[in-house]
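This is what each chain is made of:
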Amino acid sequence: MSTFRTSFPRSADEAADALRRVLAANGTPLVVGGGTLAVPSLSRGELTPTDVVDLGRTGLDRIELTTHAVEIGAQVNYQQLLDSPVVTARLPLLHQLCAGITGGIQIRHQGTVAGALCAARPFSDAPAALVALDAQVFVRSADASRIVPAEKFLRGAEENDLGPGEFVAGIRLPLGERRAGYVKLKFAESSWPIMTAAAMLPGLVVLGGVARVPVRVVLPPRATAADVRAAVAASLESVPSGHRWSDLRAGWDYRRRVAPEIAVRAFIRAEGTPA
Amino acid sequence: MNDETLSVELEVDGRTGVVTVEQDTTLVDVLREEFGSTAVRAGCRNGDCGTCTALVDGRCVKTCLVLAGRADGASVTTIASLGTAEHPSRVQRAFMEEYAFQCGFCLPGMLLAAEVLLAREDDPSDAQIRDALSGNLCRCTGYVNAVRAVRRAAELRD
């Protein structure tokens with residue numbers, strides 16, 4: 001006996017309608033994007049929805065260049081981004097991130113940036129980088145659509161801004177002439193990151209895996225590596241104790257101590273890339 | 001069919017079939033239980049070990065992460081399509097020549113990831129090879145011979 005029903009909508013409209021119908025029948029829906037996080041949780045019985053709405057056949061898998069941004073559908077996977085000439089040329093931070101996704105060729109073909117954003121795991125690759133990129137999130141439901149900055153969309157650890165009946169249809173990444181560097185720290189090839197740093201120069205480093213949501217560190221003009229270290233250390237001192245991130249890979253104190261170094265590496269990488 | 005089942009049509013290694021499965025079934029179980037395709041192994045069911053790897057419409061994926069209905073209409077290629085005992089593919093030959101496996105449980109993921117890499121890169125670096133294989137866990141060989149095998153396969157021609 002199946003533990004849940006499934007639907008495979010053919011468009012964003014159909015997905016929104018499927019979610020509306022599940023809620024109208026007092027069901028509990030689960031949206032599956034790439035499947036790399038949700039499907040194992042379903043297999044283990046950790047998630048027990050009445051209905052799964054799988055976005056795999058919605059056709060939301062386009063990467064489109066507009067005048068001022070790159071828009072990616074919810075189903076765009078890491079390999080598509082890695083192979084995209086537009087992403088390579090115009091979004092170096094995202095390209096660097098995709099090149100280092102854990103899980104080999106397979107996960108790169110299955111995992112999605114939109115899914116990682118929705119999962120909102122503080123230590124994972126996407127959240128801090130999307131904040132650094134000023135990503136805008138396209139949220140859909142049967143009744144409405146709205147656009148939310150990634151920074152607001154990430155409400156807490158594994159907590160996003162989606163309400164009942166809503167799902168992420170895509171992400172808009174504004175284009176800028178900024179230099180970018182992405183660096184993550186992990187102890188083993190197959191591990192989740194301990195922390196991530198996304199530098200956008202001039203002016204910004206965003207840290208993941210040090211707090212429940214990404215931490216934005218503003219850098220002084222013409223910053224040096226020493227300035228980056230000092231700015232990161234000062235920022236982390238001001239993270240309230242209830243917001244500091246700690247998990248089985250590392251405690252807060254370790255994260256606090258390595259963060260300046262990881263941020264400097266991202267800064268140096270960004271300095272080395274052409275504007 | 002009832003409310004809890006669905007009909008799935010697949011072409012698996014050139015053989016087409018339509019099966020009826022429970023809606024919560026993942027592709028790995030459809031391939032093994034309904035199509036008898038044990039060239040796809042059931043390992044961790046968590047997306048970690050890579051032994052359920054197959055090419056689905058040409059994409060190298062872990063089939064434990066795919067709900068059955070998502071794959072409806074897809075064409076699936078497993079390692080059973082790579083070569084025969086008489087004529088193994090160059091990747092299969094290289095894995096044998098370099099003693100790159102012992103128990104063979106990880107081979108579906110190792111071989112398919114290597115095939116996909118070599119289809120993209122004629123002459124991959126060791127870093128590219130390690131990266132490509134990193135979605136596959138092997139508990140026998142320690143990966144060194146697997147990397148050597150992919151390097152060897154790049155030199156061989158089918």
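Residues numbered from 1 in each chain as written. Chains lettered and ligands numbered in written order. Predicted model: local features only at pLDDT ≥ 70, side-chain atom pairs only at ≥ 80, totals over all residues. Heavy atoms only, no water.

> Help me understand the sheet that holds strand β3 (residues 53–56) of chain B, please; the structure alone is not making it clear to me.
Backbone hydrogen bonds are what pair the strands of a sheet, in a parallel or an antiparallel way. Residues and elements named next belong to chain B. Spatially, five strands are ordered β2-β1-β5-β3-β4 in an open sheet, and the strand pairing comes out mixed. In the strand order of this sheet, the two ends are held by β2 (15–22) and β4 (59–62), each with one partner. If you compare each strand with its neighbour and ignore which way they point, the axes differ by 40° on average. The pairing of β3 with β4 spans four bridges and is antiparallel. When the sheet's bridge partners are listed, Val56 is paired in β4 with Arg59. Of the strands in this sheet, β3, β4 and β5 (75–77) touch helix α3 (residues 107–120), which is tilted by about 40° from β3. (Pairing = 2+ DSSP bridges. Helix = DSSP H or I, 4+ residues; strand = E, 2+ residues; numbered from the N terminus. Axes fitted to C-alpha atoms, helices over the stretch in contact; angles between N-to-C directions. Contact = heavy atoms within 4.5 Å.)

> Hey, could you run me through the UniProt feature "domain: FAD-binding PCMH-type" (unreviewed entry) in chain A in this one?
UniProt tags residues 1–178 of chain A as "domain: FAD-binding PCMH-type" (unreviewed entry). Taken end to end, residues 1–178 of chain A has its terminal C-alpha atoms 54 Å apart, with 36% of it in helix and 24% in strand. (UniProt positions renumbered as here; feature names shortened; annotations may be inferred.)

> What should I look at first to understand the sheet that holds strand β10 (residues 167–174) of chain A in this one?
All names here are of chain A. The sheet built from five strands is open, its strands ordered β4-β5-β10-β6-β7 with antiparallel pairing. The sheet terminates laterally at β4 (63–65) and β7 (145–149), the two strands that pair on one side only. Strand-to-strand twist in this sheet, taken as the mean axis angle between neighbours without regard to direction, amounts to 25°. Relative to β10, strand β5 (residues 69–73) runs antiparallel, the two sharing five bridges. Counted as the bridge partner of Ile72 is Ile171 from β10. Strands β6 (136–140) and β10 of the sheet are contacted by helix α1 (residues 12–24), whose axis makes an angle of about 140° with β10.

> Looking at this model, I keep getting lost on the domain arrangement of chain B. Mind explaining?
Reports often express the size of an interface as the amount of accessible area lost when the parts come together. Residue and element names in this part refer to chain B. Assigned domains within chain B: domain 1 (5–81) and domain 2 (90–156). Placing the centre of domain 1 and that of domain 2 at their C-alpha centroids yields a distance of 22 Å. Opposite the 15 residues of domain 1 that make contact, domain 2 presents 14 residues. With both sides pooled, the region where domain 1 packs onto domain 2 buries about 1000 Å², and carbon together with sulfur makes up 68% of that total. Summed over the shared surface of domain 1 and domain 2, the number is zero salt bridges. At the surface where domain 1 touches domain 2, the tally comes to five residue pairs in polar contact (both at pLDDT 80 or more). Mapped onto the side of domain 1 that touches domain 2, the elements with two or more residues apiece are β3 and β4. Of the residues forming the side of domain 1 that touches domain 2, the biggest block, three residues, is contributed by β3. Looking at the side of domain 1 that touches domain 2 residue by residue, the classes come out as seven nonpolar, five polar and three charged. (Domains from an automatic or database assignment. Buried area = accessible area lost by both parts, 1.4 Å probe. Salt bridge = Lys/Arg side-chain N within 4 Å of Asp/Glu carboxyl O. Polar contact = N/O pair within 3.5 Å; in protein donor to acceptor, adjacent residues only side chain to side chain. Nonpolar A, V, L, I, M, F, W, Y, C, P; charged D, E, K, R; others polar.)

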